Amino acid sequence: MIYQSVYRRAPFLWCRLHSTYVRKMRYLFELKEDDGICRQAQNSGTFYLFHNLSPFLKKVGSRYLAPQISVAEMKSMLGKFKQNEQMIEDSVLIGCSDEFMAYFALDLGSLEKSVIESELKGSFTELRKAFFQLDGKDAPLLSSAQALLRWHDTHQYCSKTGQPTQKNLAGSKRICHTNGIIYYPQMSPVVITLVSDGSRCLLARQVSFPKGMYSALAGFCDVGETLEETVRREVAEEVGLEVESLWYSASQHWPFPNSSLMIACHAMVQPQQTKISVNKLELEAAGWFSLEEIMEALGREPKPLKQEDGSFSLWLPPKWAIAHQLIQEWVKLQASTPA
Ligand SMILES: NC(=O)c1ccc[n+]([C@@H]2O[C@H](COP(=O)([O-])OP(=O)(O)OC[C@H]3O[C@@H](n4cnc5c(N)ncnc54)[C@H](O)[C@@H]3O)[C@@H](O)[C@H]2O)c1
Ligand SMILES: [Mg+2]
């Protein structure tokens, strides 16, 4: 590849030609394609640790931090466990810094959890528990790391030949050397839709949601569907309404229950066709909420709040969740739309 040879022969020229972002993306591409370069990066990179898919975290006050472990610390710890340093090669690439320090994630599920925790002074915490208290870049990084580690853990055999598959060093694919089939990490596309009738928005809750929490409607895409078809089908299936128009907002990787690509949309229904019929197989409840109710809920902490009559106040997904962003956008839209 031309850029690789230019990069190696004339790095200064290459730096002048491209922005840091472009250079980072090209470097990550190289790490995924070339096991030799990736091995070098592992020997100077930093590691996010997991134990049976729970990330290693340190709690500072009410927040969680995901420490990056240096390769020296990794080697010293593996030495204490009498493990071969080669275990580092089980890690998967999850990104790199602006200074081209590669980040890897490694699951140490085969080692004694409590010993690692006391050695590194932190704890392996279930991602679902820590997700909303994680700092800045850590939430998306850990979310994709966990998804990638899970995928490798559950795709160790070729579904055609039944033979073991091998991961490339970066972990961006697995190969069955018996027949050459290459497997790439999978994620499921999910649409999440905030339905509006022009003055109210529609929120719903599943039985499994924490008490009082409502969110936008979500649903997995069926094979062969366009995103628009999924939005229309899910709204019809879950609340019995017909979408008149819709538009894309943004997307987000979501680690629960596995690895989903959340594709967020706004949708409108006709103001005279707003009678909800809740599909009880999917939802516990759904309802229309006014701007005032939403503003009040946005001002509240994202956690259950019991009222005097025993019911729970409406609260909304925290700001990391794309549902929250859709709701914020809807609020802004109301403010800019004449009554
Ligand atoms: N990030 C956010 O803001 C946000 C908000 C709401 C929901 N979500 C996520 O959206 C996802 C989907 O929402 P939902 O549960 O309402 O979906 P849904 O309405 O499609 O119902 C879930 C059901 O779909 C079926 N299904 C079809 N394809 C599937 C697949 N690839 N993986 C798993 N199940 C599949 C299963 O029977 C499952 O029980 C959930 O995982 C949820 O965590 C994210
Ligand atoms: Mg749903």
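Going by the structure above, here's the rest.
All figures in this text were calculated on a predicted structure; none of them were measured in a lab. (Residues numbered from 1 in each chain as written. Chains lettered and ligands numbered in written order. Predicted model: local features only at pLDDT ≥ 70, side-chain atom pairs only at ≥ 80, totals over all residues. Heavy atoms only, no water.)

## Notes on the pattern of salt bridges
For step 1, the next point in the chain: Taken as a whole, this structure holds 12 salt bridges when the rule is applied.
For step 2, the next point in the chain: Across the pair Asp98 and Lys24 runs a salt bridge whose closest N-O atoms are separated by 3.0 Å. Residue Asp98 is located in the loop between β5 (92–96) and β6 (102–107), and its partner Lys24 is located in helix α3 (residues 20–33); the two are separated by 74 residues in the primary sequence.
For step 3, the next point in the chain: According to the relative accessible area criterion, Asp98 is partly exposed, its value standing at 46%.
For step 4, the next point in the chain: For Lys80, the salt bridge identified is with Glu119, shortest N-O distance 2.6 Å. One end of the pair, Lys80, is in helix α5 (residues 71–80); the other, Glu119, is in helix α6 (residues 113–120), with 39 residues separating them in the sequence.
For step 5, the next point in the chain: Take Lys80: its relative accessible area is 54%, and that puts it in the exposed class.
For step 6, the next point in the chain: Overall, Glu119 belongs to the partly exposed group, its relative accessible area being 29%. (Salt bridge = Lys/Arg side-chain N within 4 Å of Asp/Glu carboxyl O. Helix = DSSP H or I, 4+ residues; strand = E, 2+ residues; numbered from the N terminus. Buried < 20%, exposed > 50% of the residue type's maximum accessible area, 1.4 Å probe, protein only.)

## Remarks on the environment of Trp320
For step 1, the next point in the chain: Within the secondary structure layout, Trp320 lies in the loop between α10 (291–298) and α11 (322–336).
For step 2, the next point in the chain: Sequence spacing of Trp320 and Gln133 is 187 residues, and the spatial spacing of their C-alpha atoms is 9.6 Å.
For step 3, the next point in the chain: Aside from chain neighbours lying at most four places away, what touches Trp320 is Phe131, Phe132, Leu134, Gly136, Ala139, Gln252 and Gln325. (Contact = heavy atoms within 4.5 Å.)

## A few points about the site of ligand 1
For step 1, the next point in the chain: Within the structure, ligand 1 sits among 19 residues, and Gln206, Phe220, Glu238, Pro257 and Ala323 are positioned closest to it.
For step 2, the next point in the chain: One nitrogen or oxygen atom from the main chain of Ala218 is found 3.0 Å from an oxygen atom belonging to ligand 1.
For step 3, the next point in the chain: For ligand 1, a nitrogen atom lies 3.1 Å from a polar atom in the side chain of Gln252.
For step 4, the next point in the chain: When ligand 1 is considered free in solution it has 850 Å² of accessible area, and contact with the protein chains removes 64% of it.
For step 5, the next point in the chain: When residues of the shell around ligand 1 are traced back to their parent elements, those giving at least two are β11 (188–196), β13 (217–220), α9 (227–239), β14 (245–254) and α11.
For step 6, the next point in the chain: In the shell around ligand 1, the residues fall into 11 nonpolar, five polar and three charged. (Near = heavy atom within 4 Å. Polar contact = N/O pair within 3.5 Å; in protein donor to acceptor, adjacent residues only side chain to side chain. Areas by Shrake-Rupley, 256 points an atom, 1.4 Å probe, with all protein chains shown as cover. Nonpolar A, V, L, I, M, F, W, Y, C, P; charged D, E, K, R; others polar.)

## Observations concerning the packing of α10 against α11
For step 1, the next point in the chain: Two numbers describe how α10 lies on α11: the axes approach to 11 Å, and their chain directions differ by 130 degrees. The orientation of α10 relative to α11 falls into the category oblique. The way α10 lies across α11 gives a crossing that is left-handed. Each of Leu291, Ile294, Met295 and Leu298 in α10 lies in contact with α11, whose residues at this interface are His324, Ile327, Gln328, Trp330, Val331 and Gln334.
For step 2, the next point in the chain: For the contact of α10 with α11, the class distribution of residues is seven nonpolar, three polar and no charged. (Axes fitted to C-alpha atoms, helices over the stretch in contact; angles between N-to-C directions. Parallel < 35°, antiparallel > 145°, perpendicular 65-115°, else oblique. Left-handed = near helix turned anticlockwise from the far one by under 90°.)

## What about the side chain of Ser97?
For step 1, the next point in the chain: Its place among the elements puts Ser97 in the loop between β5 and β6.
For step 2, the next point in the chain: Residue contacts for Ser97: discarding those within four places in its chain leaves Lys24 and Tyr103.

Geometric descriptors of this kind do not, in isolation, establish any biological role.
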